[in-house]
Amino acid sequence: FCMKYVEWKRVGTNGLIAELILNRPNSLNAFDTMMAKEIIAVTEIISNTNARVVLITSSSTKAFCTGADLKERNQLTEEGWKQQHEIFREMFAGIASLKQPVIAAVDGYALAGGFELILNCDFLLAAETAKFGLPEVTRGIMPGGGGTRLLSKRIALHLAKEWICTGRIVSAKEAARSGLLNRMTRPADLYEEALTFAETLAQNAPIAVQQAKKAIDRLLVLNNEEAKLVEEEHYNT
């Protein structure tokens, strides 16, 4: 269907990188139900292409994504909110389950569900001006898109608890010190740095990269003996 808030295009050498662009700048890329459905649709399309890498960017330097559109949410009934939340879950899962490695290139605010969107990606590059946060507890709720499950896999457990339980905003420099980022760049260099990183991944054997990604994700939650068996399974595929 016609996309209103999300765009995607082929970039890079031989078009082997699929760039997914969040494009709702007037709302700081807060996602409503329609935008979430569009992200789901685009991830399904990209997953069935020969793209080797997915790059997620924003059309605005003010914000990568500020989470769910609260204006829409405040108009929903309890049942409507539950139905919307299932769509959001599908959106996060669509990104996390892409066979291709996924890179988020972030400038501006990445908050709440916007931060969780990033946590469902494989790699994170950020401008020095980026800001991260899971402020849900300050609104009387908790992160619902994977924040409590995923952040502690990226940074130390005690830091993940601090960020989530205080709800404070974290600078790119602090995020880098905490090990969250793969790269931190000047704002003007972010896109080219992300594209260069994507090109490096795209130059490698695509099936090998995809199997390595899948194996790493599975092995992370297994004990050592189970992990060895699954690792061998992916190696032999």
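A brief structural summary. (Residues numbered from 1 in each chain as written. Predicted model: local features only at pLDDT ≥ 70, side-chain atom pairs only at ≥ 80, totals over all residues. Heavy atoms only, no water.)

Quick word on the sheet that holds strand S4 (residues 63-65)
Thinking step 1. Taken together, 4 strands build an open sheet; the order of strands is S4-S6-S8-S9 and the sheet is mixed. Two strands bound the open sheet, and with one partner strand each, they are S4 and strand S9 (170-171).
Thinking step 2. Alignment of strand S6 (residues 109-111) against strand S8 (residues 131-133), held across 3 bridges, turns out to be parallel. Residue pairing for S8: alanine 110 is matched across the bridge by phenylalanine 132. (Pairing = 2+ DSSP bridges. Helix = DSSP H or I, 4+ residues; strand = E, 2+ residues; numbered from the N terminus.)

Section: the nonpolar core
Thinking step 1. Judged by nonpolar contacts, the single largest core of 49 residues is most densely connected at Ile56, Phe64, Val106, Phe132, Leu151 and Leu180.
Thinking step 2. A per-element tally of this core places helix H1 (residues 33-47) first, with 6 residues.
Thinking step 3. Core analysis: the next-biggest nonpolar cluster, separate from the first, contains 16 residues, Val11, Ala105, Ala194 and Ala202 among them. (Core = buried A, V, L, I, M, F, W, Y, C linked by side-chain atoms within 4.5 Å. Buried < 20%, exposed > 50% of the residue type's maximum accessible area, 1.4 Å probe, protein only.)

Description of the pairing of strand S7 (residues 123-127)
Thinking step 1. Here S7 lies mainly inside the structure; 4 of its 5 residues are buried.
Thinking step 2. Pairing of strand S5 (residues 102-106) with S7 involves 4 bridges; the strand directions are parallel. Bridging from a neighbouring strand, valine 106 pairs with alanine 126 of S7.
Thinking step 3. Note: S7 against strand S10 (residues 183-185), 3 bridges, orientation parallel. Within S10, the position partnered with alanine 126 by the bridge is methionine 184.

A word on helix H6 (residues 157-166)
Thinking step 1. Ala160, Trp163 and Ile164 are the residues of H6 that are buried. Down the axis, H6 shows its buried residues gathered within 90° of arc, on one side only. For H6, the exposed residues lying more than 90 degrees away from the buried face are His158, Lys161 and Cys165.
Thinking step 2. Check the buried side of H6 and you find it contacts helix H4 (113-119), helix H5 (147-150), S9 and helix H7 (172-177).
Thinking step 3. Count one or two residues on from H6 and you reach glycine 167, which has phi positive near 70°. (Arc of directions from axis to C-beta. Contact = heavy atoms within 4.5 Å.)

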